[in-house]
Amino acid sequence: MAEVLVYVDHVDGAVRKPTLELLTLARRLGDPVALALGAGAQATAPVLAEHGAVKVLTSDAPEYADYLVVPKVDALQAAHELVSPVAVLVPSSAEGKEIAARLAVRIGSGIITDATDLEAGTDGPIATQAAFAASFTTKSRITKGVPVITVKPNSAPVEAAPAAGTVQPLTVSFSAQATGTKVVSRTARESTGRPELTEAAIVVSGGRGVNGAENFHLIEALADSLGAAVGASRAAVDAGWYPHSNQVGQTGKSVSPQLYIANGISGAIQHRAGMQTSKTIIAVNKDAEAPIFDLVDYGIVGDLFNVVPQLTNEINTR
Ligand code: FAD
């Protein structure tokens, strides 16, 4: 059967959820062959095998941690040459998109970024994407070379599909550019204990209606009752009420959770651009005419200072 190369996103051997989602999609196209790099690469094999990887290529070298993306591109290219896959799938993180784009240039292929679904087609994989601030859904196919596709987190379920997961070390010769940009320091962000915004199954966001940094604890409490990540509109971020790393939208992060709850957010096109592919959308807004109500599945017309604490209490008592 045809093989599909899947780039593994992991932290010291702990495989991140978007990679397991990629394996679900990869199995629609062929047999997934996973590529895990850096410290803990070998430790990823059991979980990758449980989710359908027939083979796990591994490579560990200081270059992966000490330099930016080029060593990883070198490894992905080596894996591509070894496997001759029918497609290369990469998680749609900022780093994933850079790695995928560089690989596509090197192997002379087309690239599709931020796919939200994948299906097998007679002439190659067909990817679904959201276009024009998610006002349209498009289906595209790459017509040149081996398709390189990045897939947004939360686009597919994680499914158990036991496979061999045979570990095979990959030999990688680093290119001259690999050591061109060195990492000089890393600063870990203080952990909030909440899920990563772009990977969370539920996102609870606050906008200008929250009316001050001191009130964001209401949004955080609702998020915590649901095990959700916290998002914010640009108006809330620009006002200094919440960090930019939590901004959702065109100039912030793009999220696609199972559930998105917008509180005191009007629904400007630039905000929609980052959340419109959410599976279920709920808005709390005191203005019944707010544009956000045009795209919601459930809308609550009311003052968030009344509604949000009630919602939080109700969820916490269940
Ligand atoms: P507002 O539009 O002011 O809406 C506040 C809402 O809260 C209103 O609907 C109001 O009825 C409601 N409200 C007020 N009080 C309460 C209450 N007590 N209870 C319930 N509801 C209440 N925006 C983004 O979000 N993300 C982006 O990435 C982004 N990128 C941009 C890029 C460009 C180039 C530009 C030009 C703009 C961008 N914007 C972005 C800004 C965007 O156009 C809007 O200005 C912004 O999204 C508005 O944020 P908001 O909905 O929180 O505020």
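Residues numbered from 1 in each chain as written. Predicted model: local features only at pLDDT ≥ 70, side-chain atom pairs only at ≥ 80, totals over all residues. Heavy atoms only, no water.

Stated precisely, the cut-off is as follows: UniProt positions are given in the numbering used here, feature names are shortened, and annotations may be inferred rather than shown by experiment.
An unreviewed UniProt entry annotates the chain as Electron transfer flavoprotein subunit alpha/FixB family protein of Streptomyces beijiangensis. The Subunit (unreviewed entry) field of the UniProt record for the chain holds the comment "Heterodimer of an alpha and a beta subunit." Its UniProt record gives the chain the following Sequence similarities (unreviewed entry) comment, quoted word for word: "Belongs to the ETF alpha-subunit/FixB family."

**Quick word on the packing of helix H4 (residues 70–83) against helix H5 (residues 94–107)**
Stated formally: A fitted line through C-alpha atoms represents every axis, and for helices the fit uses only the stretch in contact; the resulting angles, taken between N-to-C directions, go from 0 to 180 degrees. Under the DSSP-based scheme used, a helix requires at least four consecutive residues in state H or I and a strand at least two consecutive residues in state E, with every element numbered from the N terminus. Angles are sorted into four bins: roughly parallel if under 35 degrees, roughly antiparallel if over 145, roughly perpendicular if 65 to 115, and oblique for all others. Crossings are assigned a handedness: left-handed for a near helix turned anticlockwise from the far helix by less than a right angle, right-handed for a clockwise turn. Between two residues, a contact is recorded if the distance between any of their heavy atoms is within 4.5 Å.
Direction vectors running N to C along H4 and H5 enclose 55 degrees, while the axes themselves pass 9 Å from each other. Compared by their axis directions, H4 and H5 come out oblique. Our pair here, H4 against H5, has a crossing hand that is right-handed. The residues of H5 that touch H4, namely those facing Val70, Lys72, Val73, Asp74, Leu76, Gln77 and His80, are Glu95, Ile99, Arg102, Leu103, Arg106 and Ile107.

**A few points about the site of the ligand**
Put simply, the rule reads: The nearness test applies per residue and asks whether one of its heavy atoms lies within 4 Å of the molecule or strand. Any N or O atom pair separated by 3.5 Å or less is treated as a polar contact, with the protein-specific requirement of one donor-capable and one acceptor-capable atom, and with residues adjacent in sequence counted only for side-chain atom pairs. Every accessible area reported is derived by Shrake-Rupley at a probe size of 1.4 Å, with residue values counting cover from the shown protein chains alone. Grid points spaced at 1 Å and placed over the protein atoms alone form the basis of the search, with a cavity being a set where a 1.4 Å probe fits but cannot get out and a pocket an open set showing protein on both sides within 12 Å along at least five of seven lines. Lining residues have an atom within 4 Å of a point. Grid points define the cavity or pocket, and a molecule sits in it when more than half of its atoms lie within 2 Å of them.
Around the ligand, 25 residues are found, and the nearest of them are Arg208, Ser233, Thr251, Ser266 and Gln270. The side chain of Ser233 places a nitrogen or oxygen atom 2.6 Å from an oxygen atom of the ligand. In this structure, an oxygen atom belonging to the ligand sits 2.8 Å away from a side-chain N or O atom of Gln247. Against a free-state accessible area of 990 Å², the protein chains account for coverage of 76% of the ligand. One can see that the ligand is located within the second largest pocket. Those elements that provide at least two residues to the shell around the ligand are helix H7 (234–238), helix H8 (269–272) and helix H9 (304–316).

**Remarks on the pattern of salt bridges**
Selection criterion: Here a salt bridge means any side-chain nitrogen of Lys or Arg lying within 4 Å of a carboxyl oxygen belonging to Asp or Glu.
Within the structure shown, the criterion is met by 13 salt bridges. A salt bridge links Lys17 to Glu21; the nearest nitrogen and oxygen atoms lie 3.0 Å apart. Remark: Glu21 and Lys17 occur in helix H1 (residues 17–29); sequence separation between them is 4 residues, near one turn of the helix. Its salt-bridge partner being Lys139, residue Glu119 comes within 2.9 Å of it at the nearest N-O pair. Here Glu119, found in strand S8 (residues 117–119), pairs with Lys139, found in strand S10 (residues 136–141); they are 20 residues apart in sequence, far enough to count as distant. Among the charged side chains, a network of salt bridges with common partners joins Arg194, Glu220 and Asp224.

**Some details on the side chain of Ser59**
Within the secondary structure, Ser59 sits in strand S5 (residues 55–59). Within the structure, Ser59 has its side chain in polar contact with the side chain of Tyr64 (distance 2.7 Å). Ignoring any residue separated from it by four or fewer positions in sequence, one finds Ser59 in contact with Ala36, Leu37, Gly38, Ala41, Tyr64, Leu170 and Val172.

**Side note on the sheet that holds S8**
Formally: One bridge is not enough; two strands pair if DSSP finds at least two bridges between them.
The strand order across the open sheet formed by 3 strands is S8-S9-S10, and the pairing between neighbours is antiparallel. Each of the sheet's edge strands pairs with one partner strand only, and the pair in question is S8 and S10. When strand polarity is set aside, the average angle formed by the axes of neighbouring strands in this sheet is 30 degrees. Pairing between S8 and strand S9 (residues 126–131): 3 bridges, direction antiparallel. Directly across from Glu119, in S9, lies its bridge partner Ile126.

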